[in-house]
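Chains, contacts and geometry: an overview
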Amino acid sequence: MFAIHTLQVLKRTPARLPVRHYTQYLKEHAYINGAWVSAKDGNTFTVKNPATGEELGRVADLGVAETQDAIQKAYDAFYTWRDTSAKERCEILKKMFALMVQNQDDLAKLMTAEQGKPLAEAKGEIMYAASFYEWFAEEAKRTYGDVSPAMTGKRGITIRQPVGVAGMITPWNFPSGMITRKLGAALAAGCTAVIKPAEDTPYSALALAMIAEEAGLPAGCMNIVTSSRENTPAVGKVICESPLVAKMSFTGSTATGKILLKQAASTVKRVSMELGGNAPFLVFDSADVDTAVAGAVLAKFRNMGQTCVCANRILVQDGIYDEFSKKMAVAVEKFVVGNGMEAGVTQGPLINDKAVQKVENQVKDAVALGAKVLIGGKRHELGHSFFEPTVLADVPKEALACREETFGPMAPLIRFKTEEEAVAIANACNVGLAGYFCSNNISQIWRVAEKLEVGLVGVNESIISAETTPFGGVKETGMGREGGKYGIDEYLQYKYICFGNI
Ligand code: NAP
């Protein structure tokens, strides 16, 4: 029955979404079981444009009861979705991919309006996000099992099955990409999902639900539970503790990840945790200084420094430190700060005032410990949550800026003398997501790439994440990998079947 139904949906699905202005994506309802729903008590929360402080709209503020309902609907839908053929799941995911690509401009404008990143970056994120639907559409067809070596009178095969309902909690910094990187894999594997996006960026998540609906994804397979920061802990607890949820996948801070891990332990759930980073960016004397500066600028200031893989500590070897720091300040001076919707703007606002306060505190702390401000260093005259792109020189490694993730547009430069010293500083932290270094010494490249205690390494390269490669970290950055050929494993489990009396 289901198979016939979905094939019919595939045939009648239009090739394009109706032409929309991006404001038509400003949905005020959450999405459960294919329906657009309000909170039971009618409560809503406000979403603001961080560049202007203006209210973009209000969104349903769901709580425990609605979350339980979403989980139940996802659970019911799982028993039909898991039995669809891999080809059917692939076709629907490909439609979701195509619709995202066709609507790239409007989806990007929506993202810039609620998240603040410059439009060009938002367009890039839409393509990055869509790429996971395409990639996992193809991976859906490659979930092979195994036949074990023969045993006397017995034969064993191993199959891979979807785990069940996947709970997903995602951050605001990549409001589309952090969802599709999980959802693409989950749907491809045959799982259904309950997704709780961040309070600051629910619209991009709801737009993905509109896309899925238009592509013919059956009701209940993708549910979006929107909630305010006030309700979020209760919503998260239900997702983590529900026995109907088999898998919990979280992207966000290490502090929140630890709470969710404890909660998920109560039902011994499968978990993936993509948590905070504190990426070192090492520049060795053998590096080409101009290439290293360009790479460091990109790795540090993309998304106003609000990426988990942002270079957080820039370590530069003594021989080129002075040249590097001068050139870095010159490059950063060229940034154009403003509303991301405006042409030519390269740096938007931070997500909210709390984020600005964190950068401000780190700058004050570093300066008090002897660091020099080469450029920037304070709130931007544009007000709201704008902060001046900042470069600090001679930052001691004891400074907060080196010990904590900044998540803002401030680059602390640290001087080092030897490779051993640089690697020791780089690894002296409790998290390990990305690490970068610039060097033209092949032996050093091999050594340092192996020694960095991180999950991703960029060698003379700053943009390293792609749908084809595994993403995830070590230490308190968490566990599990998203993307690449490993991403779908997070939503599949092995089952061994023994045939006897042969
Ligand atoms: P966060 O505070 O942990 O929030 C992330 C998500 O968790 C949001 O949806 C938030 O909802 C929710 N949340 C917060 N407290 C919760 C609780 N008690 N129970 C359930 N859910 C809860 O993180 P953030 O500061 O917004 O995001 C930035 C962090 O994410 C950084 O540390 C960054 O490195 C990390 N990150 C990691 C990766 C990666 O792949 N490793 C990628 C991107 C970002 P509300 O918004 O409603 O509070």
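Preceding block: the structure.
Now for a look at the structure at hand.

**Details of the overall build of the chain**
Summing up its helical and strand segments, the chain has 15 helices and 22 strands in all. Across its three principal directions, the C-alpha atoms of the chain cover 70 × 65 × 40 Å. Here the chain holds 502 residues, and 57% of them are scored as buried. Put simply, of all contacts in the chain between residues at least 6 apart along the chain, 74% involve residues at least 24 apart. For the chain, the exposed surface amounts to about 19,800 Å²; the carbon and sulfur share of it is 54%. Computed over 54 positive and 55 negative side-chain charges, the separation of the two mean positions in the chain equals 5 Å.

**Observations regarding helix 6 (residues 177-189)**
Helix length check: helix 6 (13 residues) gives 18 Å between terminal C-alpha atoms against 18 Å at 1.5 Å per residue, within 8%. Most of helix 6 sits inside the fold, with 13 of its 13 residues counted as buried. In the stretch just after helix 6, G190 is the one whose phi turns positive, near 105°.

**Describing unusual backbone geometry**
One non-glycine residue, H384, lies in the positive phi region at around 45°. Of note, H384 is situated in the loop between strand 14 (372-375) and strand 15 (390-393). Even without being glycine, N460 reaches a positive phi, approximately 55°. Mapped onto the elements of the fold, N460 is located in the loop between strand 19 (456-459) and strand 20 (474-475).

**Re the nonpolar core**
Among the nonpolar cores identified, the biggest contains 63 residues, and M96, M100, L183 and M222 are the most heavily contacted of them. The element contributing the most residues to this core is helix 5 (residues 119-139), with eleven residues. Non-local contacts of M96, meaning those with residues more than four positions away in its chain, are made with Y133, L183, L187, I211, A212 and A215.

**Looking at empty space enclosed by the protein**
In total, this model carries four cavities of 30 Å³ or more according to the counting rule given. Size it by volume and the largest cavity reaches roughly 50 Å³. Along its surface, the largest cavity is lined by 15 residues, and P280, C429, V431, G432 and V454 are the ones closest to its centre. Taken together, the elements giving at least two residues each to the lining of the largest cavity come down to strand 12 (279-283), helix 14 (419-427) and strand 17 (431-432). Residue composition of the lining of the largest cavity, by class: eight nonpolar, four polar and three charged.

**Digging into the pattern of salt bridges**
Within the structure shown, the criterion is met by 24 salt bridges. In this structure, D83 and R82 form a salt bridge, with 3.6 Å as the shortest nitrogen-oxygen distance. On the basis of relative accessible area, D83 is assigned to the exposed category, the value being 57%. We note a salt bridge from K247 to E490, for which the minimum N-O separation is 3.2 Å. Highlighted residues: K247 in strand 10 (residues 245-251) and E490 in the loop between strand 21 (478-479) and strand 22 (492-499), separated in sequence by 243 residues. Judged by its relative accessible area of 0%, K247 falls in the buried class. One salt-bridge network, in which partners are shared between bridges, spans D318, D322, K372, D394 and R415.

**Observations regarding the layout of surface pockets**
Estimates place the volume of the largest pocket at around 1,400 Å³. Forming the walls of the largest pocket are 45 residues, and the residues nearest its centre are W172, G252, S253, T256 and K354. Going through the elements one at a time, helix 8 (232-241), strand 10, helix 9 (254-265) and helix 12 (353-368) are the ones with two or more residues in the lining of the largest pocket. A per-element tally of the lining of the largest pocket places helix 9 first, with six residues.

Conventions we followed
- Residues numbered from 1 in each chain as written.
- Predicted model: local features only at pLDDT ≥ 70, side-chain atom pairs only at ≥ 80, totals over all residues.
- Heavy atoms only, no water.
- Helix = DSSP H or I, 4+ residues; strand = E, 2+ residues; numbered from the N terminus.
- Buried < 20%, exposed > 50% of the residue type's maximum accessible area, 1.4 Å probe, protein only.
- Contact = heavy atoms within 4.5 Å.
- Areas by Shrake-Rupley, 256 points an atom, 1.4 Å probe, with all protein chains shown as cover.
- Lys, Arg positive; Asp, Glu negative; His and termini not counted.
- Charge placed at Lys NZ, Arg CZ, Asp CG, Glu CD.
- Expected span 1.5 Å × (residues − 1).
- Core = buried A, V, L, I, M, F, W, Y, C linked by side-chain atoms within 4.5 Å.
- 1 Å grid on protein atoms, 1.4 Å probe; cavity = no way out; pocket = protein on both sides within 12 Å on 5 of 7 lines; lining within 4 Å.
- Points joined across faces, edges and corners; volume = space filled by probe spheres on them.
- Nonpolar A, V, L, I, M, F, W, Y, C, P; charged D, E, K, R; others polar.
- Salt bridge = Lys/Arg side-chain N within 4 Å of Asp/Glu carboxyl O.

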